[in-house]
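Chain by chain, the residues run as shown.
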Amino acid sequence: MGTTWGTIGGVFGVSLGVTVLVVVMFSLGVAAWARAGGGIPRHGARRGRLDTVATAAAVVCFAACLAIAAYGIDLIVPG
């Protein structure tokens, strides 16, 4: 039984790519959430269109991170 280095390299590459993807998505989510004011209207002012778009983008980024993490846990935990 030998070691298939190509397969190990492929697993490493995919793992590195998914890790970078999750970090970038989470960072974009935090940046969008901060741009939206953290979900709190500014001093009683109405929320503008850009605040709503930024909040939606943050929610989408966080949901993508959660979906990737849930899929990884589903792969690991026998079911």
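Residues numbered from 1 in each chain as written. Predicted model: local features only at pLDDT ≥ 70, side-chain atom pairs only at ≥ 80, totals over all residues. Heavy atoms only, no water.

### So, the packing of aromatic side chains
Centre-to-centre distance and the angle between the planes together describe a pair of aromatic rings.
Part 1 of the reasoning: Going through the model one piece at a time under the given rule, you end up with 1 aromatic pair.
Part 2 of the reasoning: Between Phe-26 and Phe-62, the ring centres sit 5.4 Å apart and the planes meet at 55°, which makes this aromatic pair tilted. With a gap of 36 residues between them, Phe-26 in helix H1 (residues 5-35) and Phe-62 in helix H2 (residues 49-76) connect regions that are remote in the sequence. (Phe/Tyr/Trp six-rings, centres within 6.5 Å; stacked < 30°, edge-to-face > 60°. Helix = DSSP H or I, 4+ residues; strand = E, 2+ residues; numbered from the N terminus.)

### Focus: H2
Part 1 of the reasoning: When the terminal C-alpha atoms of H2 are compared, their 41 Å separation across 28 residues agrees well with the 40 Å that a helix rising 1.5 Å per residue should span.
Part 2 of the reasoning: Considered for burial, the residues of H2 that qualify are Asp-51, Ala-54, Thr-55, Ala-58, Cys-61 and Cys-65.
Part 3 of the reasoning: At its buried positions, H2 is contacted by H1. (Expected span 1.5 Å × (residues − 1). Buried < 20%, exposed > 50% of the residue type's maximum accessible area, 1.4 Å probe, protein only. Contact = heavy atoms within 4.5 Å.)

### Notes on the UniProt feature "transmembrane region" (unreviewed entry) in the protein chain
Part 1 of the reasoning: Mapped onto the present numbering, the UniProt feature "transmembrane region" (unreviewed entry) falls on residues 12-33 and 53-73.
Part 2 of the reasoning: Along residues 12-33, the helical share is 100% and the strand share 0%, with 31 Å between the first and last C-alpha atoms.
Part 3 of the reasoning: In residues 53-73, the share of helix is 100% and the share of strand is 0%. The end C-alpha atoms are 30 Å apart. (UniProt positions renumbered as here; feature names shortened; annotations may be inferred.)

### Examining H1
Part 1 of the reasoning: Taking 1.5 Å per residue, 31 residues should reach 45 Å; H1 reaches 45 Å between its end C-alpha atoms and fits that length.
Part 2 of the reasoning: Those residues of H1 that sit buried are Met-25, Gly-29 and Ala-32.
Part 3 of the reasoning: Against the buried residues of H1 lie H2.
Part 4 of the reasoning: In the stretch just after H1, Gly-37 is the one whose phi turns positive, near 85°.

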